[in-house]
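Structural characterization, general
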Amino acid sequence: MDFRLTDEQLQVEAMVGGLSRKEFAPRAALVDEESRYPAENHRMLAELGLLGMLYPSAYGGSEAGPVAYAIALREVAGGCASTGVGMAVTNMTGEAIYRFGSEPQRKRYLPMLSGGKGAGAFALTEPGAGSDAGGLSTFAREDGDGFVLDGSKVFITNGSHACVTIVMALTQKSPRKISAFLLEPGTTGFSVGKQERKMGLKGSDTVSLCLEECRVSQASMLGAPGEGLKIALSALDGGRIGIASQAIGIARSALSAATEYAKDRRQFGQAIGEFQAIQWKLADAATELDAAQMLVFRAACLKEKGAPYSKEASMAKLFATEAGNRACHAAVQVFGGYGYIREYPVERHLRDVRVTTIYEGTSEIQRLVISRALCR
Ligand SMILES: Cc1cc2nc3c(=O)[nH]c(=O)nc-3n(C[C@H](O)[C@H](O)[C@H](O)COP(=O)(O)OP(=O)(O)OC[C@H]3O[C@@H](n4cnc5c(N)ncnc54)[C@H](O)[C@@H]3O)c2cc1C
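Keep in mind that this is a model prediction, so the values were computed, not measured.

**Description of the site of the ligand**
Close contacts around the ligand come from 16 residues, with Phe122, Thr125, Ser131, Phe155 and Thr362 the closest. Between the ligand and Phe122 there is a distance of 2.8 Å, counted from a nitrogen atom to a backbone nitrogen or oxygen. Protein chains bury 63% of the 970 Å² of accessible surface belonging to the ligand in isolation. Among the elements of the structure, strand S3 (146-157) and helix H10 (363-375) are those that each provide at least two residues to the shell around the ligand. At three residues, S3 tops the list of elements feeding residues into the shell around the ligand. Taken together, the residues that form the shell around the ligand break down as eight nonpolar, five polar and three charged.

In structure tokens form, the structure reads like this:
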């Protein structure tokens, strides 16, 4: 077993880590304060080939592979978690179009996504269908040579900045068949609704989408009729490696801030880092984040080799996001009262990391996926 990263992966780590520390981290507090979508960060990601990391250069991608992608996402999220989730969903959208799309769909959308013409969005969740994604009710009725979509989606990341959105809809009610469609902004009957006000990730775009008599051509279907849930679940498998990496990136930043603070802050005549109670918090967080990283690398390596990795991706997401939450919680505690105020970054890290145990499948749903694989 070789734990070393390749030269290319080390280069990605150094390049993206440098960009994130220099450009994203210094602006992250203001992005959070103003709840502002950092479009300039999205452009920089595009310039460095970080928005199409999972498909070939023939379509504008950089095909860096799942391991390099996990590293890049961790580094971006460590600087600005909102930028990280935007990057994650754009890469996930592009990969799904590459894997399941027709040649004209690939040629149209993949260069746009990797070139930063717009973000990618993935619209599965509805007001009445979250964890039970298969229970969605958006309906795509066949009409002439196309479909007419009606329904609504909620909590859609990048929804108002997307150049293409993958929308899941029922194409048959009994037996239920779900299909995937590629929608462009400006399509009649397709509109962006409410922008959510959130606890964290305040710079990320989270909106509802409305579909009212929205007519699309047959050519806008992604994959075969009835293949939508398969496309969604396979995209989420890969997406979970990304969210695990996002959580590790955020939590590493919190741990690093807490470690520095523990060395500087003095109470009872000594640095608080000399108290065993503080040392153990730092040690536990560092150990758990390294274990989480190993789970992420295992899942990403399996994916890179083309081996099944669904259970391993769920394990990585479950452990990394829960460990990330514990680490950010501990970091606030190490900072004491200062951890609770905005002057220091750890309260933001705690707010940002919170959602990672929820989106792209809650921790409870990851446990379902894992236990189903065990009992199969
Ligand atoms: C900031 C943000 C961004 C998001 N981005 C996107 C996006 O881009 N695209 C998209 O489609 N969706 C997105 N989502 C939606 C997200 O994936 C869902 O919120 C998530 O899947 C949970 O669904 P829900 O909120 O409806 O919760 P529910 O499914 O109602 O769950 C509520 C609680 O019940 C538990 N629960 C539900 N079913 C079970 C079960 N079988 N066993 C045990 N416990 C269970 C859950 O774990 C949870 O604790 C986003 C959400 C947020 C907050």
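**Digging into a nonpolar patch on the surface**
Taken together, the side chains of Met1, Phe3 and Met294 define a hydrophobic patch exposed on the protein surface, amounting to about 440 Å² of accessible area. By secondary structure assignment, the location of Met294 is in helix H7 (residues 276-305). Given the relative accessible area of 43%, Met294 is considered partly exposed.

**Notes on the nonpolar core**
Grouped together as the largest cluster of nonpolar side chains are 57 residues, with contacts concentrated most on Ile97, Phe122, Leu124, Ile166 and Met168. Those elements that place two or more of their residues in this core are helix H4 (81-100), helix H5 (103-114), strand S4 (162-173), strand S5 (176-183), helix H6 (228-264), H7, helix H8 (310-335) and helix H9 (346-354). In terms of residue count, the dominant contributor to this core is H6 (14 residues). Once residues lying within four places of it in the same chain are set aside, the contact partners of Ile166 are Thr93, Ala96, Ile97, Ala121, Phe122, Ala123, Ala180, Phe181, Leu182 and Leu222.

**Looking at the environment of Glu364**
Considering the arrangement of structural elements, one finds Glu364 in helix H10. The exposed category is assigned to Glu364, whose relative accessible area is 54%. Distance in space between the C-alpha atoms of Glu364 and Ser35 is 29 Å, their sequence separation being 329 residues.

**Re the pattern of salt bridges**
Opposite charge on two side chains permits pairing when their charged atoms draw close. All chains considered together, the criterion is met by 25 salt bridges. Among the ionic pairs, Glu213 bridges to Arg141, the shortest N-O distance being 3.1 Å. Of the two residues, Glu213 is situated in strand S7 (residues 206-217) and Arg141 in strand S2 (residues 139-143); the sequence distance between them amounts to 72 residues. Judged by relative accessible area, Arg141 falls into the partly exposed class, the value being 33%. Across the salt bridge formed by Lys311 and Glu312, the nearest N and O atoms sit 4.0 Å from each other. Through salt bridges with shared partners, a single ionic network connects Lys22, Glu23, Arg27, Glu34, Arg36 and Glu40.

Calculation criteria
- Residues numbered from 1 in each chain as written.
- Predicted model: local features only at pLDDT ≥ 70, side-chain atom pairs only at ≥ 80, totals over all residues.
- Heavy atoms only, no water.
- Near = heavy atom within 4 Å.
- Polar contact = N/O pair within 3.5 Å; in protein donor to acceptor, adjacent residues only side chain to side chain.
- Areas by Shrake-Rupley, 256 points an atom, 1.4 Å probe, with all protein chains shown as cover.
- Helix = DSSP H or I, 4+ residues; strand = E, 2+ residues; numbered from the N terminus.
- Nonpolar A, V, L, I, M, F, W, Y, C, P; charged D, E, K, R; others polar.
- Patch = residues over 30% accessible without salt bridge, like charges linked within 9 Å, V, L, I, M, F, W, Y side chains within 5 Å.
- Salt bridge = Lys/Arg side-chain N within 4 Å of Asp/Glu carboxyl O.
- Buried < 20%, exposed > 50% of the residue type's maximum accessible area, 1.4 Å probe, protein only.
- Core = buried A, V, L, I, M, F, W, Y, C linked by side-chain atoms within 4.5 Å.
- Contact = heavy atoms within 4.5 Å.

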